[in-house]
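# Architecture and fold: a report
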Amino acid sequence: MVREQKSKSFGVKLHAAHKRIDLTVPVARRSFSHGKVVLPTRRKSAPVQARTAESYDGPFPGFSGPVAVDLRLFHSAVAAQYVERLQPARSSQPVLDVLVSCILSQNTTNTNSHAAMNSLRVAFPLPGRNWLVNWDAVLASPQASLEAVIRVGGLAKTKGTRIREILQMLRENRKIISLDYLRKLDRAAVLKELKSLKGIGAKTASIVMMFALALPDFAVDTHVFRYAQQLHWVPTAEERAEQHLSNPGQKWPQITRDTTYAHLNAVMPDDLKYSMHLILTDTVNGLPVDCPARRLLSFDGENGIIFVDGQELGALRSGTLKRPNLPAQLKKRPSSTFSTSVKRPRRGSDIHDRHAEL
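All values reported here derive from a predicted model rather than from experimental measurement.

## Points about the nonpolar core
- Counting residues in hydrophobic clusters, the biggest one holds 81 residues, and the most contacted among them are Leu96, Leu120, Trp135 and Leu179.
- Counting residues per element, this core draws most heavily on helix H2 (residues 95-104), at eight residues.
- Two domains each put at least three residues into this core: domain 1 (63-87 + 216-239 + 253-314) and domain 2 (90-215).
- Ignoring any residue separated from it by four or fewer positions in sequence, one finds Leu179 in contact with Val95, Leu96, Leu99, Leu170, Leu194 and Leu197.

Right under this line is the structure:
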């Protein structure tokens, strides 16, 4: 018999005789587009079955982990601490604006990248829609002028050159400076189109797909890459070497952020990708707050318990255990990770706030 017990975190935790998480009852979810709490709805349990070779199109054929049920167990446990994130409908912002916002966010703070994007809107307003950027005017302007406008975001010469090259490619290939045609394409075609643009890699393309097009995708940044290695979601160097010896005709590539991205997108259920990505990358209300760099993340799937340096994550967050020493920039965080006072983004604001590097 299953008995219901109120969780110390958010949502309801169900305990069965074998103490595994019941996947049919998700935790409370929050929509980040409007800050609403969404009451739990009953979800069918994912079938527990091994991944077949025919169903896998990633870079590590023959690697056993993780399967969908493992990922659902982990997501249920981590969402119980940080709240499941709901993917909003596609952004009303032009796709190109989101892409340029990603470029401006490279190697700087959110404040600076937002200021740089707002400077573009002010310096090159679209007639009649001055909250949008007139990209034709940007391309027609001198390079020095563009660099001066975005200088507040840092690396103005590099970013300005990259932006201009993309605008020029669109003008030459599409005759119009816009990426909104991507809204009509499927995920594979969108990824191919974005990666064909000079300087755009898998992570930037993934962010655009997630936030501008509402496509199911799982971007891999430094946080996700570190967690994936610690949780054994990707092969170890030893496993890769063993694979090369045992099966020379099917060698695995190097374990990098790009190959991790390809692997996790091949194995992770689409309905988990958006929420899992935000929880694992949110440096304000997500896992990096409690498990920053140089901390070891582990997961007991049998009991649904997440550990940070061997200490239970739930106990760390409730204050019953001593928290690890955190970097200064992560020490200050809200007393509660759950708030219904999330403000609706103002019109024309950047829609991705957690991606400081491409």
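## A word on the pairing of strand E8 (residues 297-300)
- Pairing geometry for E8 and strand E9 (residues 305-308), over four bridges, is antiparallel. Note on E9: the bridge partner recorded for Leu297 is Val308.
- The turn linking E8 back onto E9 is made up of four residues, and Gly304 within it adopts a positive phi angle of 65°.

## Thoughts on the packing of aromatic side chains
- All chains considered together, the criterion is met by five aromatic pairs.
- An angle of 80° between the planes, with centres 6.1 Å apart, marks the rings of Phe63 and Trp252 as edge-to-face. In this pair, Phe63 sits in the loop between strand E4 (36-38) and helix H1 (68-82) while Trp252 sits in the loop between helix H10 (237-246) and helix H11 (257-267), placing the two residues 189 residues apart along the sequence.
- On the basis of relative accessible area, Phe63 is assigned to the buried category, the value being 6%.
- Taking relative accessible area as the criterion, Trp252 reaches 6% and is therefore assigned buried.
- Considering the side-chain rings of Phe74 and Phe299, the 5.3 Å spacing of their centres and the 85° angle between planes classify their relative orientation as edge-to-face. Placement of Phe74 in helix H1 and of Phe299 in strand E8 is noted, with a sequence separation of 225 residues between them.
- We classify Phe299 as partly exposed; its relative accessible area is 25%.
- The rings of Phe60, Phe63 and Trp252 are connected pair by pair, giving a single aromatic cluster.
- Here the basic side chain of Arg174 rests over the ring of Tyr181, its NZ or CZ set 3.6 Å away from the ring centre.

## Points about H10
- Along H10, the positions that sit buried rather than exposed are Arg240, Gln243 and His244. The buried residues of H10 occupy an angular sector of 100° when the element is viewed end-on, so they sit on one face. In H10, the exposed positions angled more than 90 degrees off the buried face are occupied by Glu238, Glu242, Leu245 and Ser246.

## Here we look at the pairing of strand E7 (residues 129-133)
- Bridge analysis of strand E6 (residues 125-126) against E7 gives two bridges, and the strand direction is antiparallel. Bridged to Leu126 within E7 is Arg129.
- Here E6 folds back onto E7, and the loop between the two strands holds two residues, one of which, Gly128, carries a positive phi near 85°.

## So, the packing of helix H7 (residues 187-195) against helix H8 (residues 202-211)
- The geometry of H7 relative to H8 is characterised by a closest axis approach of 9 Å and an angle of 130° between their N-to-C directions. As judged from the angle between their axes, H7 and H8 are oblique. The way H7 lies across H8 gives a crossing that is right-handed. Of the residues in H8, those touching H7 at Arg187, Val190, Leu191, Leu194 and Lys195 are Ala202, Ala205, Val208 and Met209.
- Here the contact of H7 with H8 is composed, by residue class, of seven nonpolar, no polar and two charged.

## What to know about the environment of Lys159
- By the element assignment, Lys159 lies in helix H6 (residues 156-174).
- A sequence separation of 53 residues divides Lys159 from Gln106, and the C-alpha atoms of the two residues are 8.5 Å apart.
- Residues in contact with Lys159, not counting those within four places in the same chain, are Ile103, Leu104, Gln106, Thr108, Ile150, Gly153 and Gly154.
- Of the polar contacts made by the side chain of Lys159, one reaches the backbone oxygen of Leu104; its length is 2.9 Å.

Procedures and definitions
Residues numbered from 1 in each chain as written. Predicted model: local features only at pLDDT ≥ 70, side-chain atom pairs only at ≥ 80, totals over all residues. Heavy atoms only, no water. Core = buried A, V, L, I, M, F, W, Y, C linked by side-chain atoms within 4.5 Å. Buried < 20%, exposed > 50% of the residue type's maximum accessible area, 1.4 Å probe, protein only. Helix = DSSP H or I, 4+ residues; strand = E, 2+ residues; numbered from the N terminus. Domains from an automatic or database assignment. Contact = heavy atoms within 4.5 Å. Pairing = 2+ DSSP bridges. Phe/Tyr/Trp six-rings, centres within 6.5 Å; stacked < 30°, edge-to-face > 60°. Lys NZ or Arg CZ within 6 Å of the ring centre and 35° of its normal. Arc of directions from axis to C-beta. Axes fitted to C-alpha atoms, helices over the stretch in contact; angles between N-to-C directions. Parallel < 35°, antiparallel > 145°, perpendicular 65-115°, else oblique. Left-handed = near helix turned anticlockwise from the far one by under 90°. Nonpolar A, V, L, I, M, F, W, Y, C, P; charged D, E, K, R; others polar. Polar contact = N/O pair within 3.5 Å; in protein donor to acceptor, adjacent residues only side chain to side chain.

Everything listed here is a matter of coordinates, which is why it stays silent on function.
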